[in-house]
Amino acid sequence: MTKFYSIIIFWMFIVLISKSAEIPDNFFKALGQVESNQNPKAIGDNGKSIGIFQIQKICWLDATNFNKTIGGKYENCFGIEYSKKIVKAYLNRYCSRAIENNDFETMARIWNGGPFGHRKESTKYLKV
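Residues numbered from 1 in each chain as written. Predicted model: local features only at pLDDT ≥ 70, side-chain atom pairs only at ≥ 80, totals over all residues. Heavy atoms only, no water.

Peer 1: Before we move on, could you go through the side chain of Ser83 and cite the residues and values that matter?
Peer 2: Take Ser83: it is sitting in helix 4 (residues 80-100). The buried category is assigned to Ser83, whose relative accessible area is 1%. For Ser83, the side chain forms a polar contact with the main-chain oxygen of Gly79, separated by 2.9 Å. The residues contacting Ser83, other than those within four sequence positions of it, are Ile52, Phe53, Ile55, Cys77 and Phe78. (Helix = DSSP H or I, 4+ residues; strand = E, 2+ residues; numbered from the N terminus. Buried < 20%, exposed > 50% of the residue type's maximum accessible area, 1.4 Å probe, protein only. Polar contact = N/O pair within 3.5 Å; in protein donor to acceptor, adjacent residues only side chain to side chain. Contact = heavy atoms within 4.5 Å.)

Rendered as structure tokens:
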């Protein structure tokens, strides 16, 4: 499974070429493809992850505590626009510099591996 995620993260890094400081739509499209095959109703990780971006409750709590304007409840993560707010808040909390620098690899690795995901061997992409 690690090789699969590594290849997908590499693909995301190559595909994403936006120059803005915002998280580009292409990042969300790639993330949705990797996490759920673009299925906003997906449930994964034995029920621990939900929605298009496979958000776990601990991640949702982290994001909503960081950006209290999001509000809502965990079940709102089945909605695409709400889920984008969660991803944005989480990545802004843990890798705002990567967002500013369009460092999509770091963003993807942190989303996949948590706040220190960019340091984990398991989130590295494979050169093929």
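Peer 1: Give a detailed account of unusual backbone geometry, specifying residues and quantitative values.
Peer 2: Backbone geometry follows two general trends: most residues other than glycine have a negative phi, and most peptide bonds adopt the trans configuration. Residues other than glycine seldom take positive phi values, yet Asn37 does so here, at roughly 60 degrees. Note on placement: Asn37 falls in the loop between helix 2 (25-36) and strand 1 (43-44). Of note, the phi angle at Asp45 is positive, near 50 degrees, even though the residue is not glycine. With respect to the secondary-structure elements, Asp45 resides in the loop between strand 1 and strand 2 (49-50). By relative accessible area, which is 47% here, Asp45 ends up partly exposed.

Peer 1: Talk me through the nonpolar core; I want residue IDs and the actual numbers.
Peer 2: Ile55, Leu91, Met107 and Trp111 are the most contacted members of the largest nonpolar core, which totals 28 residues. Elements with a minimum of two residues in this core: helix 2, helix 3 (57-66), helix 4 and helix 5 (104-113). Sorting elements by how many residues they give to this core places helix 4 first, with nine residues. (Core = buried A, V, L, I, M, F, W, Y, C linked by side-chain atoms within 4.5 Å.)

Peer 1: I'd love a proper account of the packing of aromatic side chains, names of residues and values included.
Peer 2: Following the criterion strictly, the structure yields six aromatic pairs and no others. Centroid distance Phe28 to Phe53: 5.7 Å. Interplanar angle 50 degrees. Geometry classified as tilted. Note that Phe28 is positioned in helix 2 and Phe53 in the loop between strand 2 and strand 3 (55-56), a separation of 25 residues in sequence. Pair check on accessibility: Phe28 and Phe53 agree, each one buried. Cluster of aromatic residues (ring-pair linked, three or more members): Phe27, Phe28, Phe53 and Phe104. (Phe/Tyr/Trp six-rings, centres within 6.5 Å; stacked < 30°, edge-to-face > 60°.)

Peer 1: Describe helix 2, and please don't skip the residues or the numbers.
Peer 2: Helix length check: helix 2 (12 residues) gives 16 Å between terminal C-alpha atoms against 16 Å at 1.5 Å per residue, within 8%. Buried residues of helix 2: Phe27, Phe28, Ala30, Leu31, Gly32, Val34, Glu35 and Ser36, and no others. Positive phi appears at Asn37, one or two residues downstream of helix 2, with a value of about 60 degrees. (Expected span 1.5 Å × (residues − 1).)

Peer 1: With reference to specific residues and values, describe the side chain of Gln54.
Peer 2: Relative to the elements of secondary structure, Gln54 occurs in the loop between strand 2 and strand 3. The class of Gln54 is buried, set by a relative accessible area of 13%. Among the polar contacts made by the side chain of Gln54, one reaches the main-chain carbonyl oxygen of Ala42 at a distance of 3.4 Å. What Gln54 contacts, discounting residues up to four positions off in sequence, is Glu35, Ala42, Ile43, Gly44 and Ser49.

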